[in-house]
Amino acid sequence: MMKEDNGIICENVRLSENRDSVIIIDQTLLPAREVFIELKTLDDFYEAIYMLRVRGAPAIGICAGYGLAVLGSKIDCSDKDRFFMKLRKIKDRLNSSRPTAVNLSKALNRVENAALSMSGQGIDEIIGAMFKESIAIQAEDIEMCRKISEYGLSLVKSGDGILTHCNAGPLATSRYGTGLGALFLGKEQGYDFHVFADETRPLLQGARLTAYELNKSGIDVTVICDNMASIVMNQGKINACFVGCDRVAANGDTANKIGTSGVAILAKHYGIPFYVFCPSSTIDFDCASGKDIVIEERSGEEIGSLFYKEKTVPEGVKCYNPAFDVTDNGLITAIVTEKGICRAPYCESLGALFG
Ligand code: MRU
């Protein structure tokens, strides 16, 4: 059974009690089946992240952070130099599972650095420090989501229509989520929202996950195909667009699920505010602009076969499947962080809060 608080999903990623595994809800099976799986080996963690069993930038970071601590604690070696060499190998493999969400490398670096900072101590102390750091990453995410949700709620009013793309709710993070957090918080405070969830081709995170989460919480949600965003905007049904992000460059250019930039372009056309919800764990000051962000490319099979009984693309025809796109900072009305709401020029506003 999924642990819930007020209909909001909790513990989508959790360290097992004896700390020898991580338990996640398998997001590929939702909404049809709520199945929890246990990740114990390096292959388990790599596969779960690569296959999007655990997904969403913050959740990927949390899972990988725990993964490095769990796998580090299983390194059978008393020589510290060899221990750190093996730890680095595990870290590099986990880090190669998905390239776009910066939360992955940031979390892995944090856990490795926690270990390195204890290199003068014994292996038990080093392992203890890794667990402490990975637990802190999740605790901080819960806190950041809560604050982002409060700032987000200040941008809308009860009765508003909100368009969202992909999934930036509790499944992708911890508790409230980022892009959906204000909606859950608003619901708790008696707000009514009418949410339009883009289905989000090809992996359907909007239809399968966003609709599942919002519906569980009793928030009014309607799924639309991605190519219907323009008509619902034109019909006056949308007051604001709320999306999450996988990597925000220093200038505010934002990588998020493929299709996000199209929504932003439409929003600009119709004069609808477009908000990006971004915990500081997703900001990458090492990327000067969106041009520096690596975009994951996934198998074309996801387009033509994954969710269909029969293939929808003729045999032998190529499919191109970039998993993310970059929304130009000029299309973004504001970036909502845990420390406040940033507006253009983002180099300055993000730098002032986090630089
Ligand atoms: O490929 P996914 O499902 O991991 O992509 C997720 C997204 O694009 C989310 O919008 C993003 O990670 C923000 S999650 C708070």
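Since we're looking at a predicted model, the values are computed, not measured.

Conventions we followed
Residues numbered from 1 in each chain as written. Predicted model: local features only at pLDDT ≥ 70, side-chain atom pairs only at ≥ 80, totals over all residues. Heavy atoms only, no water. Pairing = 2+ DSSP bridges. Helix = DSSP H or I, 4+ residues; strand = E, 2+ residues; numbered from the N terminus. Axes fitted to C-alpha atoms, helices over the stretch in contact; angles between N-to-C directions. Contact = heavy atoms within 4.5 Å. Buried < 20%, exposed > 50% of the residue type's maximum accessible area, 1.4 Å probe, protein only. Polar contact = N/O pair within 3.5 Å; in protein donor to acceptor, adjacent residues only side chain to side chain. 1 Å grid on protein atoms, 1.4 Å probe; cavity = no way out; pocket = protein on both sides within 12 Å on 5 of 7 lines; lining within 4 Å. Points joined across faces, edges and corners; volume = space filled by probe spheres on them. Nonpolar A, V, L, I, M, F, W, Y, C, P; charged D, E, K, R; others polar. Expected span 1.5 Å × (residues − 1). Core = buried A, V, L, I, M, F, W, Y, C linked by side-chain atoms within 4.5 Å. Near = heavy atom within 4 Å. Areas by Shrake-Rupley, 256 points an atom, 1.4 Å probe, with all protein chains shown as cover. Sits in = over half its atoms within 2 Å of the grid points.

Novice: Which parts of the structure should I look at to understand the sheet that holds strand E9 (residues 240–243)?
Specialist: By way of backbone hydrogen bonds, the strands of a sheet pair with one another, either parallel or antiparallel. What the seven strands build is an open sheet, ordered E8-E7-E6-E9-E12-E15-E16; its pairing is mixed. Looking at which strands have only one partner, the edges of the open sheet turn out to be strand E8 (220–224) and strand E16 (340–342). For this sheet, the mean angle separating the axes of adjacent strands, direction not counted, is 25°. Direction of pairing for strand E12 (residues 274–277) relative to strand E15 (residues 334–337): parallel, over a ladder of three bridges. Of the residues in E15, the one forming a bridge with Val-276 is Ile-335. Where helix H5 (residues 123–153) meets the sheet, it contacts E9, E12, E15 and E16, and its direction lies at approximately 140° from that of E15.

Novice: What am I meant to see in the side chain of Asp-284 here?
Specialist: As for its position among the elements, Asp-284 is in strand E13 (residues 283–284). Residue Asp-284 is classed as buried on the basis of its relative accessible area of 8%. Polar contacts involving the side chain of Asp-284 include one to the side chain of Arg-247, which spans 2.6 Å. In this view, Asp-284 contacts Val-102, Arg-247, Val-248, Ala-249 and Ala-250; residues no more than four positions away in its chain are not counted.

Novice: What's the story with the layout of surface pockets in this structure? I'm lost.
Specialist: Think of a ball as big as a water molecule: rolled over the atoms, this probe shows where empty space is left. By volume, the largest pocket amounts to about 310 Å³. For the largest pocket, the lining is made up of 14 residues, of which Thr-28, Met-51, Leu-203, Glu-302 and Leu-306 are closest to its centre. Every element with two or more residues in the lining of the largest pocket is listed here: helix H7 (205–216) and helix H10 (301–304). Its residues assigned to classes, the lining of the largest pocket shows six nonpolar, three polar and five charged. Approximately 190 Å³ is the volume attributed to the second largest pocket. A breakdown of the residues in the lining of the second largest pocket according to their chemical character gives five nonpolar, four polar and four charged.

Novice: I would appreciate a short explanation of the sheet that holds E13 in the present structure.
Specialist: A sheet is described by the order of its strands in space; here four strands give the open sequence E13-E10-E11-E14, paired in mixed fashion. Either end of the sheet is taken by a strand with one partner, and the two such strands are E13 and strand E14 (324–327). Where strand E10 (residues 247–249) and strand E11 (residues 254–257) come together, two bridges link them in antiparallel fashion. Considered in E11, the bridge of Arg-247 is made with Ala-255.

Novice: Looking at this structure, how should I read helix H4 (residues 102–116)?
Specialist: Since there are 3.6 residues in each turn of an α-helix, residues three or four apart along the chain are aligned in direction. Over its 15 residues, H4 runs 21 Å from end to end, which matches the ideal 21 Å to within 8%, given 1.5 Å per residue. For H4, the set of buried residues is Val-102, Asn-103, Leu-104, Ser-105, Ala-107, Leu-108, Val-111, Glu-112, Ala-114 and Ala-115. The inward-facing, buried residues of H4 contact helix H1 (42–50), helix H2 (57–73), helix H3 (80–95), H5, E10 and E13.

Novice: What should I look at first to understand the nonpolar core in this one?
Specialist: Here is a general trend for soluble globular proteins: nonpolar side chains tend to be buried in one another's company. In this structure, Val-13, Val-22 and Phe-83 are the most contacted members of the largest nonpolar core, which totals 37 residues. Here this core takes ten residues from H2, the largest share from any one element. The residues touching Val-13, leaving out its near neighbours within four places in the chain, are Val-22, Ile-23, Ile-24, Val-54, Ala-59, Ile-62, Cys-63, Tyr-66 and Gln-138. Residues Ile-238, Val-243, Ile-272 and Leu-350 belong to the second largest nonpolar core, which totals 25 residues.

Novice: How do you make sense of the site of the ligand when you look at a structure like this?
Specialist: Among the 19 residues in the neighbourhood of the ligand, the closest are listed as Arg-55, Arg-98, Gln-205, Asn-256 and Lys-257. Gly-56 is positioned with one of its backbone polar atoms (N or O) 3.1 Å from an oxygen atom of the ligand. At 2.8 Å, a side-chain N or O of Lys-257 approaches an oxygen atom of the ligand. Burial of the ligand by the protein amounts to 100% of the accessible area it has alone, namely 420 Å². Of the pockets mapped on this structure, the ligand occupies the largest cavity. Elements supplying a minimum of two residues to the shell around the ligand: H2 and E11. Its residues assigned to classes, the shell around the ligand comprises eight nonpolar, seven polar and four charged.

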